[in-house]
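Architecture at a glance
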Amino acid sequence: MFASKDSLLTRPSGGYNIARSVRLRSSATAYFNRTLTTPTNNKIWTWSSWVKRGTLGSAQILLSSDVGTSNTTWLEFGFDAADTFTITAYATDSNTTSAVFRDPSAWYHIIVAFDSTQATAANRCKIYVNGVQQTLTGSGFTLNAGYGINSAQATAIGFRNWTPSGRYFDGYLTEINFVDGQQLTPSSFGSTNAITGVWQPAKYTGTYGNNGFYLNFSDNSAVTTSSNVGIGKDFSGNGNYWTSNSINVTAYSGTPPNNVNYDSMTDVPTLTSATAANYCVMNPLDTQNTSSVAQGNQYISFSAVNYGHSRATMSIPDGSYWEVAAGGTDYLMLGVANSTAFSSFNWAGSWAIYQSDGKVYNNGAAITGVLATFTTNDVIGFAVKGNKLYIAKNNTWLNSGNPVAQTGSVASSLSSEIFPYIGNGGGAAGTPSAYFNAGQRPFSYTPPTGYVALNTYNLPTSTITNGAAYMNAVARSGTGATATVAIAFQPDWIWSKCRTNAVDNLLQDSNRGYANTLFSNLSLAEDTTNSYAITTSSTGYGFNGTNGINGSGRTYVDWVWKAGGTAVTNNDGSVASQVSVGATQGFSVVTFTAPSSGNFSAGHGLGVTPGMVITKVRGRVTSWITWHNQLNSGSPGTTYYVELNTTGGQSTFASVWGSTGVTPSVIGMGVGASCAASDTIVAYCFSAVAGYSAFGSYDGNNVADGSFVYLGFRPRFIMIKSTSASTEWVMIDTARSSYNLSETALYANRDYTESTIGDVNDVDILSNGFKLRNNTGFVNASQTYIYAAFAENPFKYALAR
């Protein structure tokens, strides 16, 4: 469900947009340097920058003073090899974030606010990411110490310029503000968008001090050497320009693809225009047997291993164009791939041209009549529209193709969700490489009329721009008394779990009434004693003081959904149902009564086939019979189900979903299969909404560098269950894990606390999906898993996490 791309939401409130960034390539040893002058106050300063990471998992410097290891005043900060953010001084002073930062798909806003004159050690160094102050570990910094980061000495951006030198930053930088003499807060550099709830840039309007500077990299007329002109230009008014080193801003000319090393980018953290936004790059988190994804993730190379692959960070919207320049040796595969199978050269859902023979392959089989051999430095262009793929070699379209007229495509009936793909079709025989360009640097050839670059501005606008309007996860502390929680809506389903004590999962909804409670980890009948009383209002909900739901000294999490308020009668099925339905967010709460015998159906009101249905007989001891669209490899039919209250994998039972199954209008059930005669039943029904919710499956790979799952949004809540083995129903949310690594899982089928089972659910929550970070049976063994996920924000607006 998407609205038009042309929306006020494509412009941040306040109208402040960024035009350009600079790419620093660590492989080129690129950086900026300057010798600072006498500071206003070298004990007090603030650095603010927007950062998009390229290479992950290595130590990389954003800013360092250059005074050598013999001087006790040097200081540097950046990412360490564990992907945490670290600030370190020679005199053993340091702070490191507890969070890790390894999302290469979007931008981070990072602030280091320093004041060594503060009496409290915790106030001397503050680090903010996307407007949120970070939890820090380490020794901290010495009272009244002056460090070289703001002194009259040599300083570098993107490089440690002292022995041992190196630690070059790989990625993108823009909107760098350095303020000498003030320790500032995020409000000086950003604000929260009133519509999306996402942190966004704001123009800094204060003073800079003697050594202060402002780099926005908008002057790409030249490299910067000895004057305030070019890519290192200071726009603060101070004239504190930075010399550029190994940074290429020379406008390319002649034979393509000599633009592959061009470093002035239109990849920015605002939705500025169709040509300036957050751009698609190759995804180092979504690879197999890949040797290297580098140079701001625009370059990929493969070692001599079998069939390496990589997908890009963005699903391809209709009417998109991108280019790949061939490099390295033979066996390069270039094209598109779907989001599922990713294990060998011959897999379903891929369309790619093969460098070795020039043929286009679909599902591993050559497509007859499409042939165009290519070699190093040839530019292969791709256009996708109307589920058709067009391929060009050096601006000549294969198969007499015409993307504008939409004739001569090399493939049609593409998957509904596909990604740019680069692979090694020769396996161990080849070591190819390629340069990916989604439009963040100049294209080698003009895109066909009506086709746009791959960036977030050109993504469709979701009907739900802020997930918190329909679903929320709330972490709270119990009070032992009456308490209220404010959210943006009146809830229709509240799922509460105590984090610190072994208390059951408590599920209450507006259809059944909040005096009645079910327990997802138990097969028990509904509790009707009002033991866990909840009240609701248009602005949230409230609790009493009982230990089960609001005990003093305990912590809790609530997962809260909005449906449609007061239920209405639905007669779509063979029995009448009472339905509270929110079609916009794809969620309904349904109650109905089974007949005396036979198969039957009840309307759910969503108007589309749900992605997941959770059912429970209210008045008897029965399991939570659950349907998911990916059971039985995507064909659940009328017999496949899983049980929410057990660890079991998928099972079959005749007519468990009646004779109709789950359809766009009804839930089928069978008396004697999923219920008994005259049972009263509740069903929670969910349909996928683009940019807000997703219900899919993935295959675990049983390694610490786990599977990546693309959602098209930054998730707020994820539930994961293996269908091929006995494992827990893992539930992760960003209310309890505000930054990565997210590992504080709870279980729908257990009353466990967060700490009862060890860290076996490691997940990184990302701007466009999630990444498994442990080789465990709960989330990433060699098994098939289903999931349900709900968004904080669509990827169009989301920041890196």
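As a starting point, this report considers the structure included with it. (Residues numbered from 1 in each chain as written. Predicted model: local features only at pLDDT ≥ 70, side-chain atom pairs only at ≥ 80, totals over all residues. Heavy atoms only, no water.)

Description of the overall build of the chain
Along its length, the chain carries one helix and 60 strands. Along the first, second and third principal axes, the C-alpha atoms of the chain reach 90 × 75 × 45 Å. Of all 801 residues assigned to the chain, the portion counted as buried reaches 60%. Taking the contacts inside the chain whose residues are at least 6 apart along the sequence as the reference set, 67% of them involve residues at least 24 apart. Here the chain contributes 40 positive and 42 negative side-chain charges, whose respective centroids are spaced 3 Å apart. (Helix = DSSP H or I, 4+ residues; strand = E, 2+ residues; numbered from the N terminus. Buried < 20%, exposed > 50% of the residue type's maximum accessible area, 1.4 Å probe, protein only. Contact = heavy atoms within 4.5 Å. Lys, Arg positive; Asp, Glu negative; His and termini not counted. Charge placed at Lys NZ, Arg CZ, Asp CG, Glu CD.)

Some words on the environment of Asn-701
Checked against the element boundaries, Asn-701 lands in the loop between β53 (693-699) and β54 (708-710). Since its relative accessible area comes to 31%, Asn-701 is described here as partly exposed. Considering only alpha carbons, one finds Asn-701 and Ala-781, 80 residues apart in sequence, at a separation of 6.0 Å. Setting aside anything within four residues of it in sequence, one finds Asn-701 in contact with Gly-706, Ser-707, Asn-780, Ala-781 and Ser-782. Only 3.2 Å separates the side chain of Asn-701 from the backbone nitrogen of Val-703, close enough to count as a polar contact. Within the local environment of Asn-701, its side chain forms a polar contact with the backbone oxygen of Asp-705, the two atoms lying 3.0 Å apart. (Polar contact = N/O pair within 3.5 Å; in protein donor to acceptor, adjacent residues only side chain to side chain.)

Here's the deal with unusual backbone geometry
Cis rather than trans, the peptide bond between Asn-740 and Leu-741 has omega equal to 10°. The topology assignment puts Leu-741 in the loop between β56 (730-733) and β57 (746-747). One non-glycine residue, Asn-377, lies in the positive phi region at around 80°. Inspection of the secondary structure puts Asn-377 in the loop between β28 (365-371) and β29 (379-385). Overall, the relative accessible area of 45% leaves Asn-377 in the partly exposed class. For Gln-406, which is not glycine, the phi torsion reads 60° and is therefore positive. Residue position: Gln-406 is located in the loop between β31 (396-397) and β32 (418-424). Residue Gln-406 is classed as partly exposed on the basis of its relative accessible area, which comes to 30%.

A short note on the packing of aromatic side chains
All told, the structure shown has 52 aromatic pairs when counted by the stated rule. Summarising the aromatic geometry, the rings of Tyr-31 and Tyr-168 are spaced 6.2 Å apart at their centres and angled 50° between planes, so their arrangement reads as tilted. In this pair, Tyr-31 is assigned in strand β3 (residues 31-35) and Tyr-168 in the loop between β13 (154-157) and β14 (171-180), connecting sequence segments 137 residues apart. Neither residue differs from the other here; Tyr-31 and Tyr-168 are each classed as buried. Aromatic side chains Tyr-747 and Tyr-752 sit 6.2 Å apart centroid to centroid with 80° between the ring planes, which places their arrangement in the edge-to-face category. Take Tyr-752: its relative accessible area is 22%, and that puts it in the partly exposed class. Each member of the aromatic cluster is reached from another via a ring pair, and the members are Tyr-470, Trp-493, Trp-495, Trp-559, Trp-561, Phe-587, Tyr-684, Phe-686, Tyr-692, Phe-695, Phe-717 and Phe-790. Over the aromatic face of Phe-79 sits the side chain of Arg-53, whose NZ or CZ is 4.0 Å from the ring centroid. (Phe/Tyr/Trp six-rings, centres within 6.5 Å; stacked < 30°, edge-to-face > 60°. Lys NZ or Arg CZ within 6 Å of the ring centre and 35° of its normal.)

Some details on the sheet that holds strand β8 (residues 94-100)
Sheet architecture is open: eight strands sit in the order β12-β8-β7-β6-β5-β13-β3-β18, paired in antiparallel fashion. Strand pairing shows two members of the sheet lacking a second neighbour, β12 (136-140) and β18 (243-245), which therefore form its edges. The mean inter-strand angle of the sheet, taken between neighbouring strand axes irrespective of direction, is 15°. (Pairing = 2+ DSSP bridges. Axes fitted to C-alpha atoms, helices over the stretch in contact; angles between N-to-C directions.)

Notes on the state of the cysteines
Within this structure, the stated rule accounts for zero disulfides. No disulfide involves Cys-675; its sulfur sits 14 Å from the nearest other cysteine sulfur, which is in Cys-685. For Cys-675, a relative accessible area of 6% translates into the label buried. (Disulfide = S-S within 2.5 Å.)

Overview of the side chain of Arg-618
Along the chain, Arg-618 turns up in the loop between β47 (612-617) and β48 (625-628). Contact partners of Arg-618, with chain neighbours within four places excluded, come to Arg-512, Asn-516, Ala-525, Glu-526, Thr-591, Thr-680, Ile-681 and Val-682.

Examining the sheet that holds strand β35 (residues 471-477)
Here we have five strands laid out as an open sheet, ordered β35-β42-β37-β38-β39, and antiparallel in their pairing. The open sheet has two edge strands with one neighbour each: β35 and β39 (518-519). Bridging between strand β37 (residues 493-498) and strand β38 (residues 506-509) involves four bridges; their strand directions are antiparallel. Directly across from Ile-494, in β38, lies its bridge partner Gln-508.

Notes on the nonpolar core
In this structure, Trp-47 and Phe-77 are the most contacted members of the largest nonpolar core, which totals 100 residues. Apart from residues lying up to four places away in sequence, Trp-47 is in contact with Leu-62, Leu-63, Phe-77, Ile-110, Ile-111, Val-112, Ile-157, Ile-176, Asn-177, Phe-178 and Phe-213. The next biggest cluster of nonpolar side chains, apart from the first, holds 35 residues, and it includes Leu-507, Val-589, Met-612 and Val-689. (Core = buried A, V, L, I, M, F, W, Y, C linked by side-chain atoms within 4.5 Å.)

A short note on the pattern of salt bridges
For the structure shown, the criterion picks out 21 salt bridges. A salt bridge links Glu-76 to Arg-160, with the shortest nitrogen-to-oxygen separation between them at 2.8 Å. Note that Glu-76 is positioned in strand β6 (residues 75-79) and Arg-160 in the loop between β13 and β14, a separation of 84 residues in sequence. Note that Arg-620 and Asp-679 form a salt bridge whose closest N and O atoms lie 2.7 Å from each other. One end of the pair, Arg-620, is in the loop between β47 and β48; the other, Asp-679, is in the loop between β51 (666-670) and β52 (680-686), and 59 residues separate them in sequence. On the accessibility criterion, Arg-620 (33% relative accessible area) is partly exposed. A residue is classified by how much of its surface remains accessible, and Asp-679, at 7% relative accessible area, is buried. Each member of the salt-bridge network shares a partner with another, and the members are Arg-499, Asp-733, Arg-736 and Glu-754. (Salt bridge = Lys/Arg side-chain N within 4 Å of Asp/Glu carboxyl O.)

Digging into the environment of Ser-226
Within the secondary structure, Ser-226 is located in the loop between β17 (213-215) and β18. Expressed as a C-alpha distance, the spacing of Ser-226 and Asn-144, which sit 82 residues apart in the sequence, is 34 Å.

Overview of the pairing of strand β49 (residues 640-643)
As paired elements, β48 and β49 share two bridges and run antiparallel to each other. In the strand pairing of β49, Ile-625 is matched with Glu-643. Taken together, the two bridges between β49 and strand β50 (residues 651-652) define a ladder with antiparallel strand orientation. Its bridge partner lying in β50, Tyr-640 is registered against Thr-652.

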